[in-house]
Amino acid sequence: MTKIKNICCIGAGYVGGPTMAVIAQKCPHIKVTVVDVNAERIAAWNDSELANLPIYEPGLREVVAEARGRNLFFSTDVSAAIRDAEMIFMSVNTPTKTYGNGKGKAADLKYIELCARQIAKEATSDKIVVEKSTLPVRTAQAIKTILSNNQTSAKFQVLSNPEFLAEGTAIEDLYSPDRVLIGGEQTPEGAEAMEALTEIYANWVPRERILQTNVWSSELSKLVANAFLAQRISSINSISALCEKTEANVDEIAKAIGMDSRIGPKFLKASVGFGGSCFQKDILNLVYIARTYGLDEVADYWEQVIDLNDYQKRRFAQNIISKLNNTLSGKKIAMLGWAFKKDTNDTRESAAIYVADHLLNEQAEIHVYDPKVSESQIHKDLDYLQTRSPEENREMVQKVVDIEQALAGAHAVAILTEWDEFKTYDWAKLSALMMKPAFVFDGRNILDHEALRALGVNVYGIGR
Ligand code: UDX
Ligand code: ADP
């Protein structure tokens, strides 16, 4: 059986970085090299301070500190790492296409293709190529076709091994995953490749949690898992709108239905809307695939999950606007949180971006505080929408250094991310800092609304 001694991972992002750091930590007998075309990112991974790693994840620093330089390496020499490895993980980004066929829906596979071409060009010995990035079903076939252009006698096996980690809990999720999914060709060579990857995970994951399937089931399972999770959030968010009309409390409903063991309590937290790099992208992808096969009813069904999420973000912003007498011009709005969830510096598809965009249309003056997101990232996210000029974004939105600076002189405060420090802040100080009457819009339902009302503050949560 193929014994893996050298692993290469192409892509040092939110998936590749933490996943490889944990594999290296748990498998000191395997040399793991993570490569990326982005030299700045690689330099940050190699930073001697460790404080400046390109990704913030609780516990990641400690893992990198233990393995880096021992059997974990970060490099820009993609070709050398491909040549030396018996197993190559592809962890490059697969954003939604912004051009051509499938624009706004299909996954953009240009980075995956480039990666496969480079492997085909450089490989001089047999390789197991592992899809880590989330990909549309049947991508393995496309990768195989590209790899077949290799000029040597090297043979390739393509496996699908989707990553289920969630940001903010990446290390925990990698240490004890609910399951590890490995899809491969149903041939003796495919079985051998799956076994080689199983061996690696078996260093710390119980074997009964390592699931082997055919490659297409594995690819599609990842899209379906994310679609189901996002669907739960849109379902509870749809009910939150109804609660606001009926005086029912969405958190009480979530608790009541979640205690039914058939429903379960997780992923029922009503919010301003889900964000992150996966949910929207994967559902759009699922919708696109369904339409491609002429399954319009299936596509329409899943598309509603995204429509509802957009509605929720719009509804939250609209509520702020209408409660402030339909005019935000010249008013300061404090936004607490910009990351798409707590414990990460990732802002991809964060609800905060879209809420800010709506408020800026009303000429609000926005002061953002987020403990992990930089001002340049906030401006970049707004520029990307192209709703207004970069100059206007910089004029109307600034980052401040703490909660109190954000609150000072604000007409309203909107909570967009559930950072712990927002929960533990002494909100009794709010009245002295903010304009009166003070308005609080709690997009995450994390504050004590009764206590705030007792202070004379107008409080609006989600679905309560
Ligand atoms: C998700 C999947 O959970 C993970 O398995 C997959 O590998 C990648 O996509 P991630 O996007 O990192 O992970 O975070 P997740 O915890 O799933 O949260 C996604 C979004 O949903 C966040 O904006 C979060 O705030 C929101 N959310 C989550 C809710 O609004 N309510 C909930 O009950 C749970
Ligand atoms: P994810 O959340 O999926 O990990 P990221 O965008 O954080 O996505 O990371 C993907 C990384 O892959 C980026 O750092 C990007 O520079 C890198 N990348 C993309 N294409 C290639 C390639 N052909 N070779 C090497 N690295 C690549």
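The structure presented is a predicted model; accordingly, all values stated were derived computationally and were not measured. Numbers given to residues run from 1 along each chain, matching the order in which its sequence is written. The lettering of chains begins at A and the numbering of ligands begins at 1, in the order of writing. Two thresholds apply to this predicted model, a pLDDT of at least 70 for residue-level local features and 80 or more for giving and counting side-chain atom pairs, whereas whole-chain, interface and lining totals are computed over all residues. Only heavy atoms go into the side-chain values, all of them from the structure, while hydrogens and water stay out.

**With respect to the pattern of salt bridges**
Reasoning step 1: Salt bridge, as used here, is a side-chain nitrogen of Lys or Arg placed within 4 Å of a carboxyl oxygen of Asp or Glu. Per the stated rule, a full pass over the model turns up 27 salt bridges.
Reasoning step 2: Across the pair R207 and E195 runs a salt bridge whose closest N-O atoms are separated by 3.4 Å. Taken together, the residues R207 in the loop between α8 (188-201) and β8 (210-214) and E195 in helix α8 connect sequence positions 12 residues apart.
Reasoning step 3: Each residue's exposure class comes from its accessible area (1.4 Å probe, protein chains only) as a fraction of the maximum for that residue type: buried when under 20%, exposed when over 50%, partly exposed otherwise. The class of R207 is partly exposed, set by a relative accessible area of 43%.
Reasoning step 4: Among the ionic pairs, D310 bridges to K313, the shortest N-O distance being 3.5 Å. Of this pair, D310 and K313 both sit in helix α12 (residues 296-323), three residues apart, which is roughly one turn of the helix.
Reasoning step 5: A relative accessible area of 3% means that K313 is categorised as buried.
Reasoning step 6: Counted as one network, the salt bridges with shared partners bring together K105, R291, D296, D300 and E303. Secondary structure elements follow DSSP: runs of H or I of four or more residues count as helices, runs of E of two or more count as strands, with numbering from the N terminus.

**Thoughts on the site of ligand 2**
Reasoning step 1: Lining the immediate environment of ligand 2, one finds 14 residues, of which Y14, V15, D36, R41 and R348 sit closest.
Reasoning step 2: Any pair of nitrogen or oxygen atoms within 3.5 Å is treated as a polar contact; in protein, a donor-acceptor pairing is required on top of that, and neighbouring residues in sequence qualify only through side-chain atoms on both sides. In the environment of ligand 2, an oxygen atom lies 2.6 Å from a nitrogen or oxygen atom belonging to the side chain of R41.
Reasoning step 3: Compared with its free state, where it exposes 580 Å², ligand 2 has 87% of that area covered by protein.
Reasoning step 4: Among the residues forming the shell around ligand 2, the class breakdown is six nonpolar, five polar and three charged. A single heavy atom is enough: if one lies within 4 Å of a molecule or strand, its residue is considered near that molecule or strand. Using a 1.4 Å probe, the Shrake-Rupley method yields the accessible areas, and only the shown protein chains count as cover for residues. Side-chain classes follow a simple rule in which Ala, Val, Leu, Ile, Met, Phe, Trp, Tyr, Cys and Pro form the nonpolar group, Asp, Glu, Lys and Arg form the charged group, and the remainder, Gly included, forms the polar group.

**Details of the pairing of strand β10 (residues 365-369)**
Successive side chains on a regular strand alternate, one facing one side of the sheet and the next facing the other.
Reasoning step 1: In terms of burial, β10 is largely enclosed, as four of its five residues are buried.
Reasoning step 2: When DSSP finds two or more bridges between a pair of strands, those strands are recorded as paired. Pairing of strand β9 (residues 332-336) with β10 involves five bridges; the strand directions are parallel. Bridge pairing links A334 to H367 in β10.
Reasoning step 3: Handedness of the crossover joining β9 and β10 through helix α13 (residues 351-361): right-handed. Whether a crossover is right-handed depends on one test, that the path from the first strand over the helix to the second runs clockwise when the strands point away from the viewer.

**Some remarks on the sheet that holds strand β14 (residues 458-460)**
Reasoning step 1: Strand order across the open sheet formed by six strands is β11-β10-β9-β12-β13-β14, with parallel pairing between neighbours. Single-partner strands in this sheet number two, and they are β11 (397-399) and β14. Each neighbouring strand pair of the sheet contributes to a mean axis angle of 20°, computed without reference to strand direction.
Reasoning step 2: Two strands pair when backbone bridges link them, and strand β12 (residues 412-415) and strand β13 (residues 439-442) are joined in this way by four bridges, in the parallel orientation. To obtain an axis, a line is fitted to C-alpha atoms, over the contacting stretch when the element is a helix, and the angle between two such axes runs from 0 to 180 degrees between their N-to-C directions.

**Considering the packing of aromatic side chains**
Reasoning step 1: Working definition: rings of Phe, Tyr and Trp (its six-membered ring) pair if their centres are within 6.5 Å, and the pair is stacked with planes under 30 degrees apart, edge-to-face with planes over 60 apart, and tilted otherwise. By the definition in use, this model includes 10 aromatic pairs.
Reasoning step 2: Each ring, one from Y201 and one from W204, has its centre 5.6 Å from the other, and the planes form 55°; the classification is tilted. The exposure classification of Y201 matches that of W204, with both residues buried.
Reasoning step 3: When the centroid spacing of 6.1 Å and the interplanar angle of 65° are considered together, the rings of Y369 and F422 count as edge-to-face. Here Y369, found in strand β10, pairs with F422, found in helix α17 (residues 420-424); they are 53 residues apart in sequence, far enough to count as distant.
Reasoning step 4: Take Y369: its relative accessible area is 7%, and that puts it in the buried class.
Reasoning step 5: Exposure remark for F422: the relative accessible area of 0% places this residue in the buried category.
Reasoning step 6: Grouping aromatic residues by their ring pairs yields a cluster made of F228, Y301 and W302.
Reasoning step 7: Ring-over charges, as used throughout, are those where CZ of Arg or NZ of Lys falls within 6 Å of the ring centre and within 35 degrees of the ring normal. Above the ring of F164, the side-chain terminus of R179 is found at 3.6 Å from the ring centroid.

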